[in-house]
Amino acid sequence: MGNQKERTTTGYVHSIETFAALDGPGLRTVIFIQGCPLKCKFCHNIDCALKEKKGDYISAKNLVKKILKNKPYWESCNVSDRKCRGGVTLSGGDPVFQPKFTLDILKELKKHQIHTAVDTSLYTSHKTIDSWLPFVDLWMVSLKHMNSAKHRELTSVDNKRILENIVYLDSKLSDIPNKNKDTQKLRIRFLVIPTITDDPEHIRQVGKFVSKIQNLEVLEILKYGSHGKHKWIEIFGKYELEGVPEAEDKDIERALKILENYKLPIKK
Ligand code: SF4
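Cut-offs and rules
Residues numbered from 1 in each chain as written. Predicted model: local features only at pLDDT ≥ 70, side-chain atom pairs only at ≥ 80, totals over all residues. Heavy atoms only, no water. Axes fitted to C-alpha atoms, helices over the stretch in contact; angles between N-to-C directions. Helix = DSSP H or I, 4+ residues; strand = E, 2+ residues; numbered from the N terminus. Parallel < 35°, antiparallel > 145°, perpendicular 65-115°, else oblique. Left-handed = near helix turned anticlockwise from the far one by under 90°. Contact = heavy atoms within 4.5 Å. Nonpolar A, V, L, I, M, F, W, Y, C, P; charged D, E, K, R; others polar.

Trainee: Describe in detail the packing of helix α3 (residues 60–67) against helix α4 (residues 99–111), supporting the description with residues and values.
Mentor: Packing of α3 against α4 leaves a shortest axis separation of 9 Å and a crossing angle of 45°. Judged by the inter-axis angle, α3 sits oblique to α4. Here α3 runs over α4; the crossing is right-handed. Contacts from Ala60, Lys61, Leu63, Val64 and Ile67 of α3 reach α4 at Phe101, Asp104, Ile105, Glu108, Leu109 and Lys111. Partitioned by chemical class, the residues of the contact of α3 with α4 number seven nonpolar, no polar and four charged.

Structure representation (structure tokens):
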């Protein structure tokens, strides 16, 4: 991506969303980083996940400067303030696709004491996790499937690295000295896809795995919908999950009933 100097501070941004209410605590600005190492069949942002150099090519510094005008609605920008509710979420695609660019954005945001969240698959290296760690308040990691072969079928990669990285990140979060218990947490996001991820035994495996996470903020249960279908058809000529039913309230209730046994903080 450009010359050596640019590579350290400049990257591709697909788009920016303001007043987002679903991507982390409070009202947030979401930066959609271009590119993702996975290709999930359910991805509703597949144009943003493409491994292409497209979008706005901008330096981390200028990007943060651009979004700072949104600061008033982030409510409180002081992360040591427990009332902190809004901030900036780095999503995509997946920020792990442009790790150094993401790191520089996080550093810039922290210069302004802005609450930061990253929405990621965590399909990355320990080195990337370590480098981001001091600058991330909330890690939002999607747990896509506990079965490795099914994970590969669904996302194009197996889950070994992701599950190991969740455990690794959790241990690194526990090691942070004098950690503010309200920040630097790990949120697990789980998408209920009828006939693919909603098998009761699979839900139990998710509950068991998540119940071991020490720094869990919440387990967020999300409902599968096919709203990204038109993008798949536009780009690839077909939608991979054709015929898979969208999740309904009853599917979520069934999953929640099973998860009750694990006494986890749940968000739906
Ligand atoms: S990890 Fe997220 S952005 Fe990447 S392909 Fe999967 S759903 Fe899409």
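Trainee: I'd like to hear about the packing of helix α8 (residues 200–210) against helix α10 (residues 249–259), residue by residue, with values.
Mentor: In contact at an axis separation of 9 Å, α8 and α10 are set at 50° when each is read in the N-to-C sense. In terms of their interaxial angle, α8 and α10 are classed as oblique. Helix-helix and strand crossings are classified by hand; for α8 and α10 the assignment is right-handed. Listed contacts from α10 to Pro200, Ile203, Arg204 and Gly207 of α8 are Ala255, Ile258 and Leu259. In terms of residue class, the contact of α8 with α10 is made up of five nonpolar, one polar and one charged.

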